[in-house]
Amino acid sequence: MSLSISNQRLTTMEDWFDDNSASLKAISSQPGAMAGEIMEVVNLARKFKEEFIRPQAIEMDKRIQEDHSYLPEEWVDEACRRGFFTLCVPKIFGGQGYCFPALSYFMEEIASVCLGMANIIGAHYLGLGTLICTWNLPLIARVCREIVEGERSGKACMVSLAMTEPTSGSDTPEPDLLDKGQVACLAKKEDGGYRVNGSKIFISNGHFSTWHMTVAFEDLARPSETAVILAVRNGAKGFQVAGKESKMGQLACPASELVFNDCFIPNEQVALSPDMTRGYSRTHREIYQHLFDDLCSISRAGVCALSAGAARGAYESALAFAAMAKKKGDYLINSEWVQCRLAEMYKNAVVARLLYIEANYANGNHGIYKGLQAKPVYYALRYLPKSFLSWGLGKALGLEWLTGLIRKRQLSGFNPGMVQRTAGLGALAKFASSDAACENAQLAMEMMGAKGLRHELGTEKRLRDIKLLQIYEGTNQICRMDLFRNLIARRLPQAKLYEECV
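Keep in mind it's a predicted model, so treat the numbers as computed, not measured.

(A) Representation of the pattern of salt bridges within the structure. Under the defined criterion, the tally for this structure stands at 34 salt bridges. Two residues, Arg382 and Glu37, come together in a salt bridge whose shortest N-O distance is 3.0 Å. Remark: Glu37 occurs in helix α4 (residues 34–53) and Arg382 occurs in helix α14 (residues 375–383); sequence separation between them is 345 residues. By relative accessible area, Arg382 is classed as partly exposed at 28%. On the basis of relative accessibility, which here comes to 3%, the residue Glu37 falls in the buried class. Here Arg278 ties to Asp275 by a salt bridge, and the two come within 2.7 Å at their closest N and O atoms. When its relative accessible area of 60% is taken as the criterion, Arg278 is described as exposed. Members of the salt-bridge network, linked through shared partners, are Arg46, Lys49, Glu108, Glu109, Arg312, Glu316 and Arg353.

Below you can see the structure in the form of structure tokens.
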């Protein structure tokens with residue numbers, strides 16, 4: 001390294017402080033009532049976990065191992081009956097209106113016992129979050145109404161996100177990688193909508209969902225410039241939920257293949273297209289990047305919450321084992337090496353929790369939660385009656401210029417520095433926490449020895465479940481590169497990004 005480069009201020013003190021102190025700013029800027037909401041949601045999750053999930057998790061895993069075609073629809077029905085699919089749907093759209101950060105604490109509780117069940121609920125909010133990130137208010141209102149009506153009727157209406165293709169995976173949300181990949185899902189523009197051909201794979205909840213937020217491309221040679229996001233509803237002609245993938249972990253949450261064969265999607269179900277962003281101050285490619293940076297900022301914080309729960313579950317099972325098992329006449333927990341390992345596992349679970357809390361604070365300060373967590377908006381949505389909010393939404397949806405203005409401001413009026421902060425922290429939270437969870441599962445297996453392989457103890461299930469956390473929502477290697485792009489390379493114009501991924 002030359003002296004001139006080593007003397008550059010590659011990271012300013014201000015950047016370092018602001019990037020990693022979101023909670024400090026959130027103390028004064030975010031509503032204090034959120035703490036009470038979060039505790040309400042945690043209590044709901046604990047009750048569900050102890051009454052329903054813990055007694056069934058091991059048997060359900062065994063049942064699906066014996067028959068990979070089995071779909072645990074009774075678990076979906078129970079989550080629907082308890083109102084979990086509208087938990088964080090904003091009240092203005094008819095939902096229960098709990099703040100989105102509360103969902104992370106909820107997911108951690110469920111994941112401490114069964115990652116498969118946690119992902120059934122989490123993947124639904126990933127699909128809904130994708131739709132919300134497009135700021136297509138009429139379409140958001142339509143889908144949310146169906147979710148709420150589904151809960152009333154007892155038949156869950158869920159949403160999935162369909163991105164991954166047979167020839168592309170973690171590269172799909174990142175425009176630089178997308179243009180080097182081999183995407184094949186084509187959306188041809190026609191009068192009145194788009195005609196879609198192609199397929200998607202590894203789609204969480206594909207078999208359970210009614211709506212599928214599908215990413216396709218007008219021009220396969222220029223995917224990042226021509227990306228289209230479509231809301232595909234079950235029953236559309238030419239659309240099929242095909243096979244169920246065989247996988248090792250999180251068996252309760254199906255990974256599905258979706259097939260589009262001359263499937264026509266009308267304009268009313270187009271969430272985002274190049275035509276819609278024409279005339280904005282940003283290019284469609286920049287808006288695509290912004291949308292998925294926003295989405296990954298919250299979805300990777302969600303995976304971090306799953307990881308925190310899994311790390312805690314591994315720690316708790318190892319602690320229980322060490323407290324009961326004996327070696328040479330003494331309890332295992334009295335061995336210094338066991339105490340050190342339990343301390344390491346405790347540390348991993350706590351650090352994972354702190355990471356998603358900090359990532360959510362950053363999203364509240366600078367990201368997609370910012371508007372909803374502004375104190376006037378938050379308290380209005382919390383205390384105004386649903387009927388009044390519904391009336392106001394109806395009036396707003398009738399004013400096309402107003403919904404268009406809100407959308408333009410949200411999609412193109414962003415501050416790139418703030419997006420880098422939330423996206424970088426989301427990536428950090430995801431790979432650090434899932435690696436920590438995996439370490440905890442391995443430490444628990446080592447401590448338990450051969451008994452760790454016994455299915456009924458749940459330890460080997462947890463290790464199988466946790467490995468997926470390092471893969472979905474962008475592999476951990478992709479997340480490391482995203483952290484580099486967003487928080488390290490911003491003052492290094494000579495840095496080349498994603499070059500070895502070609």
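The discussion continues.
(B) Spotlight on unusual backbone geometry. Positive phi is not limited to glycine here, since Trp135 has a value of about 55 degrees. Within the secondary structure, Trp135 sits in the loop between α8 (115–133) and α9 (137–153). With phi around 70 degrees, Asn205 is a residue other than glycine that occupies positive phi space. Turning to its location among the elements, Asn205 is positioned in the loop between β3 (193–204) and β4 (211–217).

(C) View of the pairing of strand β2 (residues 186–190). Direction of pairing for β2 relative to β3: antiparallel, over a ladder of five bridges. What sits directly across from Lys188, in β3, is Arg195. In this structure, the hairpin formed by β2 and β3 is closed by a connection of two residues, where Gly192 is found at a positive phi of approximately 85 degrees.

(D) Quick look at the packing of α8 against α9. Running from N to C, α8 and α9 cross one another at 155 degrees; their axes reach a closest spacing of 9 Å. With respect to their mutual orientation, α8 and α9 come out roughly antiparallel. In this structure, α8 meets α9 at a crossing whose hand is left-handed. Contacts from His124, Leu128, Leu131 and Ile132 of α8 reach α9 at Leu139, Ile140, Val143, Cys144 and Ile147. Class assignment for the residues of the contact of α8 with α9 results in eight nonpolar, one polar and no charged.

(E) Up close: the layout of surface pockets. Here the second largest pocket is characterised by a volume of approximately 410 Å³. Secondary-structure elements contributing two or more residues to the lining of the second largest pocket are α5 (57–66), α12 (284–324) and α18 (459–469). Looking at which element gives the most residues to the lining of the second largest pocket, the answer is α12, with five residues. Residue composition of the lining of the second largest pocket, grouped by class: 10 nonpolar, five polar and six charged.

(F) Quick peek at the packing of α4 against helix α7 (residues 100–111). Their axes nearest at 8 Å, the elements α4 and α7 cross at an angle of 25 degrees. Comparing their axes, α7 and α4 come out roughly parallel. As for how α4 packs across α7, the hand of that crossing is right-handed. Contacts from Met34, Ile38, Val41, Val42, Ala45, Arg46, Phe48 and Lys49 in α4 reach Pro101, Ala102, Tyr105, Phe106, Glu109 and Ile110 in α7. For the contact of α4 with α7, the residue count by class is 11 nonpolar, no polar and three charged.

(G) Examining the packing of aromatic side chains more closely. Within this structure, the stated rule accounts for 12 aromatic pairs. We note Lys326 situated over the ring of Tyr331; from NZ or CZ to the ring centre the distance is 4.8 Å.

(H) Focus on the side chain of Ser434. Within the fold, Ser434 resides in helix α17 (residues 416–448). Judged by its relative accessible area of 0%, Ser434 is buried. Reaching out from Ser434, the side chain makes a polar contact with the side chain of Asn476 at a distance of 2.9 Å.

(I) Representation of α5 within the structure. Taken residue by residue, α5 has Ala57, Met60, Asp61 and Ile64 as its buried positions. One face of α5 carries all of its buried residues, which in axial projection span an arc of 100 degrees. Exposed residues pointing more than 90 degrees away from the buried face of α5 are listed as Glu59 and Glu66. The inward-facing, buried residues of α5 contact α4, α6 (73–81), β6 (239–244) and α18.

(J) Seen up close, the nonpolar core. Counting 113 residues, the largest nonpolar core has Ile53, Phe85, Phe106, Met117 and Ile120 as its most contacted members. It is α12 that contributes the most residues to this core, 14 residues altogether. Not counting chain neighbours up to four residues away, the residues in contact with Ile120 comprise Val76, Phe85, Met158, Asn205, Phe208, Ala252 and Cys253. Counting residues in each nonpolar core, the second largest holds 17 residues, with Ala187, Val196, Val228 and Ala236 among its members.

(K) Quick peek at the pairing of strand β1 (residues 159–162). What you see with β1 is no split at all: Val159 and Leu161 on one side and Ser160 and Ala162 on the other are buried throughout. Examined bridge by bridge, β1 and β4 share four bridges and lie parallel to one another. Note that in β4 the partner of Ala162 across the bridge is Thr214.

Thresholds applied
- Residues numbered from 1 in each chain as written.
- Predicted model: local features only at pLDDT ≥ 70, side-chain atom pairs only at ≥ 80, totals over all residues.
- Heavy atoms only, no water.
- Salt bridge = Lys/Arg side-chain N within 4 Å of Asp/Glu carboxyl O.
- Helix = DSSP H or I, 4+ residues; strand = E, 2+ residues; numbered from the N terminus.
- Buried < 20%, exposed > 50% of the residue type's maximum accessible area, 1.4 Å probe, protein only.
- Pairing = 2+ DSSP bridges.
- Axes fitted to C-alpha atoms, helices over the stretch in contact; angles between N-to-C directions.
- Parallel < 35°, antiparallel > 145°, perpendicular 65-115°, else oblique.
- Left-handed = near helix turned anticlockwise from the far one by under 90°.
- Contact = heavy atoms within 4.5 Å.
- Nonpolar A, V, L, I, M, F, W, Y, C, P; charged D, E, K, R; others polar.
- 1 Å grid on protein atoms, 1.4 Å probe; cavity = no way out; pocket = protein on both sides within 12 Å on 5 of 7 lines; lining within 4 Å.
- Points joined across faces, edges and corners; volume = space filled by probe spheres on them.
- Phe/Tyr/Trp six-rings, centres within 6.5 Å; stacked < 30°, edge-to-face > 60°.
- Lys NZ or Arg CZ within 6 Å of the ring centre and 35° of its normal.
- Polar contact = N/O pair within 3.5 Å; in protein donor to acceptor, adjacent residues only side chain to side chain.
- Arc of directions from axis to C-beta.
- Core = buried A, V, L, I, M, F, W, Y, C linked by side-chain atoms within 4.5 Å.

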